Amino acid sequence: MMDLNYGKISRTRPGFIGQKGFTLIELLIAMVIFLIVTTAIYGVLQVGSVTRNRSSRRSDILKNARVAIQLIGRDALNAGYGFNRNGARVPDNFLATTFGLPADADTNRDLLSSIIVGNDIFTNNLASSSSARTDTVAFCYRDQDFNPSPPPLPPGTISTGQVVQLKDVTNPGGSPGTSELVSSTSAGAVNAKQYDLYLVESDTVQAAVMATTVSGTDRIDAAPGDPLGLNQPLNGSGSGGSVLRKCVGTTDSNCTSYVATLTRFFLVSYKVKTDGTLVRTLYGNNTGGTNTQQVQEQPLAYNVEDLQLRYVLDDGTVTDNPVAGDDGLLGTADDDERAVNRIRQIMVTIKVQSTVQDEQTKKAETITLNATFSTRNMEYDAG
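One structure accompanies this document, and this report is about it.

Thresholds applied
- Residues numbered from 1 in each chain as written.
- Predicted model: local features only at pLDDT ≥ 70, side-chain atom pairs only at ≥ 80, totals over all residues.
- Heavy atoms only, no water.
- Core = buried A, V, L, I, M, F, W, Y, C linked by side-chain atoms within 4.5 Å.
- Buried < 20%, exposed > 50% of the residue type's maximum accessible area, 1.4 Å probe, protein only.
- Helix = DSSP H or I, 4+ residues; strand = E, 2+ residues; numbered from the N terminus.
- Contact = heavy atoms within 4.5 Å.
- Phe/Tyr/Trp six-rings, centres within 6.5 Å; stacked < 30°, edge-to-face > 60°.
- Disulfide = S-S within 2.5 Å.
- Patch = residues over 30% accessible without salt bridge, like charges linked within 9 Å, V, L, I, M, F, W, Y side chains within 5 Å.
- Areas by Shrake-Rupley, 256 points an atom, 1.4 Å probe, with all protein chains shown as cover.
- Salt bridge = Lys/Arg side-chain N within 4 Å of Asp/Glu carboxyl O.
- Lys, Arg positive; Asp, Glu negative; His and termini not counted.
- Charge placed at Lys NZ, Arg CZ, Asp CG, Glu CD.
- Pairing = 2+ DSSP bridges.

Among the nonpolar cores identified, the biggest contains 36 residues, and I115, F139 and I346 are the most heavily contacted of them. Among the secondary structure elements, those contributing two or more residues to this core are helix 1 (24-78), strand 3 (115-122), strand 4 (134-142), strand 11 (260-272), strand 13 (295-301), strand 14 (304-313), strand 16 (343-357) and strand 17 (364-374). Broken down by element, this core gets its largest block of residues, seven residues, from helix 1. If we skip the residues at most four places from it in the chain, I115 touches A79, V137, A138, F139, Y311, V340, I343, I346, T375 and M378. Judged by nonpolar contacts, the second largest core, of 23 residues, contains F94, L112, F122 and L230.

Before going further, it helps to examine the packing of aromatic side chains. Aromatic ring pairs are reported here in terms of the distance separating the ring centres and the angle at which the planes meet. This structure, assessed with the given rule, holds six aromatic pairs. Each ring, one from F146 and one from Y198, has its centre 5.6 Å from the other, and the planes form 55°; the classification is tilted. Here Y198 lies in strand 7 (residues 197-201) and F146 lies in the loop between strand 4 and strand 5 (164-170), a separation of 52 residues in the sequence. One aromatic cluster is present, built from ring pairs that chain together F94, F99 and Y283.

All chains considered together, the criterion is met by one disulfide. Between the sulfur of C247 and that of C255 lies a disulfide, 2.0 Å long from S to S. The disulfide joining C247 to C255 has a torsion of about 105° about its S-S bond and is therefore right-handed. As far as burial versus exposure is concerned, C247 and C255 are alike and both buried.

The next subject is a negative patch on the surface. Where like charges cluster on the molecular surface, the negative patch consists of D326, D327, D334 and D336. Here D327 lies in the loop between strand 15 (318-319) and strand 16.

On the surface, a nonpolar cluster with roughly 600 Å² of combined accessible area is contributed by I25, I29, I33, V37, I41 and L45. Looking at the secondary structure, you find I33 in helix 1.

Turning to the side chain of D221, a few remarks are in order. Looking at the element boundaries, D221 is found in strand 10 (residues 219-222). Summary of buried charges: D221 has no salt-bridge partner, and the nearest side chain of opposite charge, R219, is 7.1 Å away. Non-local contacts of D221, meaning those with residues more than four positions away in its chain, are made with P172, T178, S179, E180, M210, A211, T212, T213 and S215.

Before going further, it helps to spend a moment on the environment of G284. When you line up the elements, G284 lands in the loop between strand 12 (278-283) and strand 13. For G284 and V268, which are 16 residues apart along the polypeptide, the C-alpha to C-alpha distance reads 9.4 Å. Filtering out sequence-adjacent residues up to four positions away, G284 remains in contact with Y195, L197, M210, L228, Q294 and Q296.

Let us look at the pairing of strand 8 (residues 206-210). Counting buried positions along strand 8 gives five out of five residues, so the element sits mostly inside the fold. Count of turn residues in the strand 7/strand 8 antiparallel hairpin: four residues.

Within strand 11, 10 of the 13 residues are buried, which leaves it mostly tucked inside the rest of the structure. Where strand 5 meets strand 11, three bridges bridge the pair, whose relative direction is antiparallel. Each residue of the ladder has a partner; that of Q165, found in strand 11, is T261. Direction of pairing for strand 11 relative to strand 12: antiparallel, over a ladder of five bridges. Directly across from V268, in strand 12, lies its bridge partner L282. Turn length for the strand 11-strand 12 hairpin, with the two strands adjacent in sequence and antiparallel, is five residues, and the turn residue G276 shows positive phi of about 90°.

This is how it looks when you write it as structure tokens:
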């Protein structure tokens, strides 16, 4: 018989007999699985990126805010050290002009106490409500390094500042308004510097002044027109005159009885500016600075939304303003300027916003820090 396949060419390639390619459905399923896996991996990476960015932002925010809180705590601890518990008399409305507190209704001199409280004082552009206000606080305490004991010192003795004994107050020639404080010794004022802040204490009055000139080694001038507006004219009258004038008779309490003492003190405050910058402000004592450099602002933290301070008193009471009395209202009959001496702890709350929006919430993240600090010098220091 004749073979019909003889001479024909086979169209089947060796090694591929019975094999087939991918179908369209199989290809689509593989693509879907690939997309699912890729999306899952991308989602994990995205979450990790967001978490990392959040952690970085929180770290930056917390770093500055914690520095600010620690500085407040340090000054709170020093508050009242060597500073008279009766405070220091300063010109009327000095507190309003210097710290932004509400002006009082009378014309009497203000009291500069160891802690100056300002509740709900400043507006803040970062606040969620236009009616929200931030607090402010200021502290006074003695500079223990001023006027150190002369060497040699006994072994193991730490040099601390000595008070300057004052014996009189005079007028420099041609300046009847200037109070020239005279030390009891010829070198009593050798460590005094221009623009120093001093607390003058006697058994009749305590007064805060700024040195405008130091004459020789025994005289310190406190002339009106100082950078802080502390000094009042010696030849003035009533509450507009200086309490540094020498007492004459026993019925005059608006004066200083000499012998008196003089010590240098620090005055610092904390507040949040309208743009959200938390600043620590130093007043005076800038001996290398000019007249216009005696109020120095030190920025501590940015994007601060709120600063709130509460005060724990000696009986455990917690209040926003101890000076306001039991009714909590300033300007009423139960106000007590010296109630700050009852403060035993200060509770600080700071709210800080991140500088950029969160990738997911599309809002600036807000972090709240709380801290409580002891004011032990308000209780134990007899200054």
